[in-house]
Amino acid sequence: MRWVRRGSKVASSGALRTPPGSFKMRDIRRPCFLRDDQTIGRYLVPRHHRVIAALGLAGWLCWLSWLAGCSAASSTPSASTAGTAPPHSATATTVAANSVAANSVAANSVAANGTAAHSGPPPATTSDEDWFEDATPGSGVQFAYRNGVEGGQFTILETVGGGVAMIDYDADGDLDLFFPGGGTIAATLTSAPPALPPSASSPSASSPPASSPSASSPSASSSPASPPSASSPSASSPLASPPSASLSPASSPANSASIRGAEAGLFRNEGQWRFTSVAVHAGLAGPHQATTDYTHGATVADYNGDGFPDLFVTAFGRCRLFQNRGDGTFDDVSEGSRASFAGWSTAAAWGDVNHDGHLDLYVGQYLDWTPTRDAVCRDPRGQRDVCPPQRYPPAADRLYLNLGDGRFRDATADAELRGDGRALGVVAADINGDGRVDFYVANDAGANYLYLGAAMFPLADTALTAGVAFQEFGLPEGSMGVDLGDFNGDGRADLWVTNFELEDNSLYAGEADGLFRHATVAAGLAGVGFSQVGFGTGLEDFDGDGRPDLFVLNGHVYYGGGQTTYAQPAFLFRNRDGRRFDNVSNRGGPYFARPHPGRGAAVGDLDNDGSLDLVMVHQNEPVTLLRNRRRSAEWLRVRLRGVEQNPDAIGATVRAVAGERVWTRWARSGAGYLSQFDPRILLPASGPLDVEVMWPGGRRERFPQLAPGRTHDLLEGTGRPTATPPSG
C-alpha cells in the first residue's frame, strides 16, 4: 500500500478536487482501512522520488483530519462484538432499492416482465449547446438490466452489470438493440456461504471494504441467509418482482444457488427513433427460449458467413451462441457448435486468429466463484456490502477456433492464455499494424493483457514490454472498459481504459515498434474521474471534426458507496487538436447532469444521420438512448465486406485522405464494456474521399473518390465500392 501526494486537480466547474499537499490513496478500494490492531507507520511508504519529508503542513492537517474520521469508524461495534449481525445500512438498502435519496435518483418501476417505465422527475430542458438529448421517451425501448439486489445477498455477481449490442439483425440498414437481462438472486441461498479469511497479501489498488471481523462468528455465517431488513425491497416491491424467465440448465453453476436468468430484450429499429420489442418473436425470450443464465454482455459477428450477424451472449452460468436464421429469428446453437461452457464469462470479442477466413472467439472470464462460497465483507461502519474480486480466484479466459463447419474447437491450451486475470473488457483489432488481429484485455485488480497475433500458437502476452499492463508507476489497476482509436492523428492505435476509484483512467499513446507511452497526464485526463468508477466508454468522434472524443459511464460497485455514491454522473471529453481533452460534461445534456448506476454502453448511428449516438445501460434502472444533436452534413460511412478474409473484416485498418488530413480507423470487436458498437466506420467528409483499406492479412486496396453523405459497401478484392443511398 502506498501513499501519494497529489497536486491540485480542477473539475469542470473550476473547483479544486484535491488541495496541494493532500494525500490520496492509490492502492485501496475503501478509505478508513485501519483497525485497532493496525498501526499507521507501516503504511507510510513513499513512491519513487516523492518523500515524506517534502509533505507540507496542509497535507499533514488533511491526514490528521482523515485519521480522526477513521478512528471514529473503526470504533463502531462489529458483528462479532455485538453478537448479532447489524442490519443493512439505510443507505445501502435505499440504493439497492434504486431510490437513492442522496443522489436524488427517483425509484424506477420495474415491471414483472423485466421491462421498466420511465418515472421520477422529468429531465431538464436541453439547451442549444448540448451535445446529446434523451430520445428514450416515445422510442418504445423500455428495458432495465436487473442485478438481483432484491435478494439481499450482497454477492459480487451483482457488481458486474450488463451491456448492450447494436446489431442489424434483419439486415435493413438500421441498427437494432439487444440487451442481456441479468438475473435474480434468491433471498435464501441453498447453503450459508463461508466467510473467507482476509488475503495474506497487502491490500492493493482495489482493496475491499473490511472483511467480516470474525469468519466463524454466528453473524458472519448467518447474515447471508437472513432475509433483508424491513427497509429492504419486499416481495411486493416493483423491483423485487421476478421477471418471466426460464430456469437455468441443471449443469450450470447458477442453478444450484437459486440464481435465475432474466429475459433479454431485442428491439427492432423502425426508423425515426421508433423501436418495437421483438425478443419473443426472435426466439431470444419467452417460454420456449432456452435462456442463458444470469447474463452480462454480448458480441456480434457473422461467424458462419451467411450474411446475417449472429449473437454471442456471456453469463454467469452458461454462455450461448445464437445463430441468425435470416428470417428475423435466432437458433440457440450453443451445444452443437461447442462454443458454450459453464463458468463466469464477461467480455468477448471475435477475430480470425489462425488466418483461415473464419472468425474465432475470445471469451474473457471473471472469477472462479459460486454463491455458496461467497465471503462476508463489511464496510468500516460494520455494514454488510459486497466483497472485492481479490477474495476469489481468477477464472482463465478461453479461445475457440472456428472450424468453418458450424463447430468450434477449444484452443485455450494451444494458445497458452494466461489464467491469472479477471477479465471485464476486451477489444480485438490490428493494434500493431502487421495485418493480424490482436487482443487487448482489461483485467480487474491485475495486469492487463496484450496478445499479439502470430503465424502460429502460442499467443504471447506482450503487455508488460509494450507498456500497457499497468499504470504509469507500474501498479495494477481495476480496469473495466476499453477502446481503441487514434486520438492524436499519428496513424497509430492508442488504447483507452477505464478504472476503479482512486485510479485515473488510462490513455496509452501508440509509439513505433509496438510500444506505448502513458498519456493520461499529458492529455489533461488525470484527476478527472479519480473518485468515480468507470465502466462503459468509447473513443469516438462525437462532434464530427475527425478527432476521437471520449465518454465514460460511471457507477460504483459498493451499495454504500466509496469515495462517492453508488450512482455517479457520466463524463464527456472533447478532443482538442489531438493533444488534450476538455471536460465538456456540462454541455453533454441533461443526462450528464444526473447520477446513474452506470455499466455498459454502446456507440453507433441509430438514425443514420451521420452522427454517433449513445445507448446507456444501468443497474436496475431503465436504459437511456441519447441522440447526438451535433449533426454534420459532411460525413461518409463505409461498411467492410471480407471475401478471402473473415466476412466482417475484423482486424482491417481504414485510412481516409482529404488534402493534408488523414484519418485512421479500425474494424474492431468487443470494445467498450460488455457491449457491441456499430461496426460501420464513420468519417468526416466535406467532399469525395480516397479510402484505403488494409484487409486482415495485410492486403491493401484503394477506393477512390467516395461520395459523402452515404454508406459505401467496400467488398474485398473489387476495388469498386457499392454505394447505398443515405437514410435517416
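Residues numbered from 1 in each chain as written. Predicted model: local features only at pLDDT ≥ 70, side-chain atom pairs only at ≥ 80, totals over all residues. Heavy atoms only, no water.

K.L.:
So what exactly am I meant to see when it comes to the sheet that holds strand β33 (residues 598-604) here?
P.N.:
Within a sheet, adjacent strands bond to each other through the backbone by hydrogen bonds, running parallel or antiparallel. Spatially, the 4 strands line up as an open sheet ordered β5-β35-β34-β33, and their pairing is antiparallel. The two strands at the open ends of the sheet, each matched to only one other strand, are β5 (132-134) and β33. Strand-to-strand twist in this sheet, taken as the mean axis angle between neighbours without regard to direction, amounts to 25 degrees. Of the strand pairs in this sheet, strand β34 (residues 613-618) and strand β35 (residues 624-628) are connected by 3 bridges, and their pairing is antiparallel. (Pairing = 2+ DSSP bridges. Helix = DSSP H or I, 4+ residues; strand = E, 2+ residues; numbered from the N terminus. Axes fitted to C-alpha atoms, helices over the stretch in contact; angles between N-to-C directions.)

K.L.:
It is not clear to me how the state of the cysteines should be interpreted in this structure. Could you clarify?
P.N.:
Two cysteines whose sulfur atoms are joined by a covalent bond form what is called a disulfide. Across all of its chains, the model carries 1 disulfide by this definition. In this model, C377 is linked to C387 through a disulfide, with the two sulfur atoms separated by 2.1 Å. Given an S-S torsion of about 110 degrees, the disulfide between C377 and C387 has right-handed geometry. Here C377, found in strand β18 (residues 377-378), pairs with C387, found in the loop between β19 (384-385) and β20 (398-402); they are 10 residues apart in sequence, far enough to count as distant. Each member of the pair, C377 together with C387, is buried. (Disulfide = S-S within 2.5 Å. Buried < 20%, exposed > 50% of the residue type's maximum accessible area, 1.4 Å probe, protein only.)

K.L.:
Even after reading the chapter, I still don't get unusual backbone geometry, so can you show me in this structure?
P.N.:
Across residues other than glycine, the phi torsion is negative in most instances, and most of the peptide bonds are trans. In the segment running from F457 into P458, the intervening peptide bond is cis, with an omega of 5 degrees. Summarising the element assignment, P458 is placed in the loop between β24 (449-451) and α9 (463-466). The backbone of R338 shows a phi angle near 60 degrees, a positive value even though the residue is not glycine. Examined against the element boundaries, R338 turns out to sit in the loop between α7 (334-337) and β16 (342-351). On the accessibility criterion, R338 (42% relative accessible area) is partly exposed. Positive phi, close to 65 degrees, is recorded for L502, a residue that is not glycine.

K.L.:
For this particular structure, what's the right way to read the pattern of salt bridges?
P.N.:
It is possible for side chains of opposite charge to pair when their charged atoms get near one another. Here the structure, examined in full by the defined rule, presents 31 salt bridges. Ionic pairing is found between R680 and D678, a salt bridge with its closest N-O pair at 3.0 Å. Of the residues examined, R680 reaches a relative accessible area of 10% and is grouped as buried. Sharing partners across several salt bridges, the network here consists of D543, D545, R547, R574, D577 and R579. (Salt bridge = Lys/Arg side-chain N within 4 Å of Asp/Glu carboxyl O.)

K.L.:
Explain the side chain of D385 here, please?
P.N.:
Checked against the element boundaries, D385 lands in strand β19. At 3.2 Å, the side chain of D385 and the backbone nitrogen of Y559 are in polar contact. (Polar contact = N/O pair within 3.5 Å; in protein donor to acceptor, adjacent residues only side chain to side chain.)

K.L.:
Is there a simple way to think about the environment of T159 in this case?
P.N.:
Note on placement: T159 falls in helix α4 (residues 157-160). On the basis of relative accessible area, T159 is assigned to the buried category, the value being 7%. Among the polar contacts made by the side chain of T159, one reaches the main-chain carbonyl oxygen of I156 at a distance of 2.7 Å.

K.L.:
Explanation requested: the sheet that holds strand β40 (residues 689-694) in the structure shown.
P.N.:
Spatial ordering of the open sheet is given by β38-β37-β40-β41, a layout of 4 strands whose pairing is antiparallel. Edge positions in the open sheet fall to β38 (661-666) and β41 (700-706), since each of these has one partner strand only. Between one strand axis and the next, the sheet turns through 20 degrees on average, direction left out of account. By the bridge criterion, 5 bridges tie strand β37 (residues 653-658) to β40 in an arrangement that is antiparallel. Bridging across to β40, V657 finds its partner in D690.

K.L.:
Help me out: how do you make sense of the environment of S531 in this one?
P.N.:
Among the structural elements, S531 can be located in the loop between β28 (516-518) and β29 (534-540). For S531, a relative accessible area of 13% corresponds to the buried category. Sequence-wise, S531 and E501 are 30 residues apart; in three dimensions their C-alpha atoms are separated by 4.8 Å. Of the polar contacts made by the side chain of S531, one reaches the side chain of Q532; its length is 3.4 Å.

K.L.:
Would you take a moment to explain the pairing of strand β13 (residues 310-318) for this structure?
P.N.:
As a general feature of sheets, a regular strand has side chains that alternate between the two faces. Of all 9 residues making up β13, 9 are buried, and the element is well covered by its neighbours. Examined bridge by bridge, strand β12 (residues 294-301) and β13 share 6 bridges and lie antiparallel to one another. Across the sheet, residue T299 finds its bridge partner in β13, namely F312. Sheet topology places β13 next to strand β14 (residues 320-324); 3 bridges connect them, and they run antiparallel. Across the sheet, residue F312 finds its bridge partner in β14, namely L321. Hairpin connection from β13 to β14: 1 residue lie between these consecutive antiparallel strands. Here 3 bridges tie β13 to β16, and the two strands are oriented antiparallel to one another. If you follow R318 over to β16, its bridge partner there is A342.

Spatial relationships are all this shows, so hold off on functional conclusions.
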